[in-house]
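# Working through the structure, step by step
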Amino acid sequence: MTLALLSLPYKMYRKKITDGDVIYGFRMYDRPLVISYSRSGMNWLRYSAEYLTGHPTPGHQRLLKSGDGEFLFDRAHKGFMQIDKYEKVLLLVRNYKECLVRHLSEEWKAASTVTDFLEGKSALQPAYWYIKNLQAYDKFRGEKALLYYEDLVTQPASTLSQFLDFMDFSHKSKSLEEFKQDLSFHKQRSISLYTDNQQSVTLGDEEQLRYHSKKALTPEERNEFDLYYQSRYPKLYKKYLARYSEPHVTA
């Protein structure tokens with residue numbers, strides 16, 4: 001793709017959406033539900049889905065490629081409260097040391113211990129929702145799939161292919177090969193849409209996948225995060241989160 005194409009007009013549509021909508025979902029029970037804790041890569045997933053299918057997805061800002069106004073899926077951050085109302089669920093997961101300290105930076109600074117931070121309930125979207133969503137997903141008996149943010153960044157084509165197949169969107173999707181060829185363009189476009197509302201620090205760069213945890217946490221604190229989940233939720237950790245475990249550091 002030539003640089004000239006960067007100036008192509010994009011038709012933007014804005015919908016007034018409250019935090020409560022995003023947290024609890026949009027009550028579109030006849031569509032698949034996508035659950036994610038904030039800062040887990042939903043913007044990149046939404047952009048990719050909208051571009052490839054031409055249909056919108058719910059959020060503060062969206063990009064339409066056709067006149068069809070039907071949403072592709074429902075979404076929620078507090079998915080564990082809504083999950084049983086859906087037949088098909090996808091959980092988008094990111095390293096807890098990244099998304100939690102990024103989203104709750106002030107709460108982390110004010111916390112006296114890792115445990116206090118992870119179990120605190122005063123935030124609009126408290127940290128314990130991360131594991132509650134995972135517990136609900138694990139117990140869910142309908143159709144379900146799990147995607148990792150890190151795979152969306154490092155293996156976007158194959159991960160998006162899995163996403164489209166699971167959602168039954170493949171029949172209405174543009175060629176992934178075309179998307180793959182222009183991947184850098186699409187990543188930058190997605191980031192620019194995200195930064196209209198919020199700031200992206202890692203910019204979807206695989207070299208920066210641990211940027212926030214390395215900046216905000218000491219090696220000992222990162223170990224404490226790992227140990228918290230390993231000791232309290234050993235089965236869930238082994239099944240879903242072991243990839244985020246770091247080498248143990250002794251004082």
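What you see as residue numbers is a count from 1 along each chain, following the sequence as written. Note on the predicted model: pLDDT of at least 70 is required for a residue's local features to be given, and 80 or more for side-chain atom pairs to be given and counted; whole-chain, interface and lining totals, by contrast, use all residues. Where side-chain values are given, they derive from all heavy atoms of the structure, hydrogens and water being excluded.

Within the protein, the secondary structure is distributed over 13 helices and six strands. Here the protein holds 251 residues, and the buried ones make up 52% of them. Taking the contacts inside the protein whose residues are at least 6 apart along the sequence as the reference set, 74% of them involve residues at least 24 apart. Only runs of H or I of at least four residues qualify as helices and only runs of E of at least two qualify as strands under DSSP, and these elements are numbered from the N terminus. Each residue gets one of three labels from its accessible area relative to the maximum for its type: buried under 20%, exposed over 50%, partly exposed in between, using a 1.4 Å probe on protein chains only. Two residues form a contact once any of their heavy atoms are found within 4.5 Å.

Moving on to the sheet that holds strand E5 (residues 88-93). Within a sheet, adjacent strands bond to each other through the backbone by hydrogen bonds, running parallel or antiparallel. One bridge is not enough; two strands pair if DSSP finds at least two bridges between them. Taken in spatial order, the four strands make up an open sheet running E4-E2-E5-E6, and their pairing is parallel. Where the open sheet ends on each side, the last strands, each with one partner, are strand E4 (74-76) and strand E6 (143-148). Each neighbouring strand pair of the sheet contributes to a mean axis angle of 20°, computed without reference to strand direction. Bridge analysis of E5 against E6 gives six bridges, and the strand direction is parallel. Within the sheet, the bridge partner assigned to lysine 88 lies in E6 and is glutamate 143. In this description, a line fitted to the C-alpha atoms serves as the axis of each element, helices being fitted only across the stretch in contact, and the angle between N-to-C directions of two axes falls anywhere from 0 to 180 degrees.

Bringing the layout of surface pockets into the picture now. Think of a 1 Å grid over just the protein atoms. A cavity is a set of points where a 1.4 Å probe fits yet cannot get out, a pocket is an open set with protein on both sides within 12 Å along at least five of seven lines, and lining residues have an atom within 4 Å of a point. Grid points are joined across faces, edges and corners, and a volume is the space filled by probe spheres set on the points. Looking at the second largest pocket, its volume works out to about 260 Å³. In terms of lining residues, the second largest pocket is bounded by 15 residues, among which Asp30, Arg31, Pro32, Leu72 and Phe169 are the most central. Under this grouping Gly is polar, as are all residues other than the nonpolar Ala, Val, Leu, Ile, Met, Phe, Trp, Tyr, Cys and Pro and the charged Asp, Glu, Lys and Arg. Partitioned by chemical class, the residues of the lining of the second largest pocket number six nonpolar, one polar and eight charged.

If a residue is not glycine, its phi is most likely negative; likewise, a peptide bond is most likely trans. Phi is positive for arginine 39, close to 70°, though the residue is something other than glycine. Relative to the elements of secondary structure, arginine 39 occurs in the loop between strand E2 (33-36) and helix H2 (42-53). Positive phi outside glycine occurs at aspartate 168, with the angle close to 60°. In this fold, aspartate 168 is placed in the loop between helix H8 (156-167) and helix H9 (176-181).

Before going further, it helps to examine the packing of aromatic side chains. The aromatic pairing rule takes the rings of Phe, Tyr and Trp, using the six-membered ring of Trp, and pairs them if the centres are within 6.5 Å, calling planes under 30 degrees apart stacked, those over 60 edge-to-face and the rest tilted. Inspection of every chain in the model, using the stated rule, returns 20 aromatic pairs. For the ring pair tyrosine 96 and tyrosine 244, a centre distance of 6.0 Å and an interplane angle of 90° mean the geometry is edge-to-face. Taken together, the positions of tyrosine 96 in helix H3 (residues 96-103) and tyrosine 244 in the segment after helix H13 (234-241) put the pair 148 residues apart, joining distant regions of the chain. The burial state of tyrosine 96 is the same as that of tyrosine 244; both residues are buried. Arranged with centres 5.9 Å apart and planes meeting at 75°, the rings of tyrosine 137 and tyrosine 240 form a pair that is edge-to-face. On the criterion of sequence distance, the pair formed by tyrosine 137 in helix H6 (residues 129-139) and tyrosine 240 in helix H13 is long-range, its members being 103 residues apart. Taken together through their ring pairs, the aromatic side chains of Tyr96, Tyr130, Tyr148, Tyr228, Tyr229, Tyr233, Tyr237 and Tyr244 make up a single cluster.

So, about the packing of H2 against H8. It is the contact of H2 with H8, at a shortest axis distance of 11 Å, that shows an interaxial angle of 70°. When the axes of H2 and H8 are compared, the pair comes out roughly perpendicular. Two secondary-structure elements touch here, H2 through Trp44, Leu45, Ser48, Ala49, Leu52 and Thr53 and H8 through Pro156, Leu160, Phe163 and Leu164. Partitioning the contact of H2 with H8 into residue classes produces eight nonpolar, two polar and no charged. Angle categories are assigned with fixed cut-offs, so that under 35 degrees is roughly parallel, over 145 is roughly antiparallel, 65 to 115 is roughly perpendicular, and the rest are oblique.

What follows deals with H13. Turning to H13, its buried residues number three or more, namely Leu236, Tyr237, Tyr240 and Leu241. Taken around the axis of H13, the buried residues stretch over an arc of 100°, which confines them to a single face. Exposed residues on H13 whose side chains face more than 90 degrees from its buried face are Lys235, Lys238 and Lys239. Turning to H13, the residues buried within the fold contact E5, H3, H6, E6 and helix H12 (219-232). What the arc measures is the spread of directions leading from the helix axis to the C-beta atoms.

Below, the discussion takes up the nonpolar core. Only buried residues count toward a nonpolar core, which is a set of Ala, Val, Leu, Ile, Met, Phe, Trp, Tyr and Cys residues joined through side-chain atoms within 4.5 Å. Within the largest apolar cluster, 40 residues are counted, with the highest numbers of intra-cluster contacts made by Leu100, Tyr130 and Leu241. Mapped by element, the contributors of at least two residues to this core are E2, E5, H3, helix H5 (114-119), H6, E6, H12 and H13. Looking at this core element by element, the count peaks at six residues for H6. For leucine 100, the residues in contact, after removing those within four places along its chain, are Tyr37, Phe117, Leu118, Ala127, Tyr130 and Tyr229.

So yeah, pure geometry; function would need other evidence.
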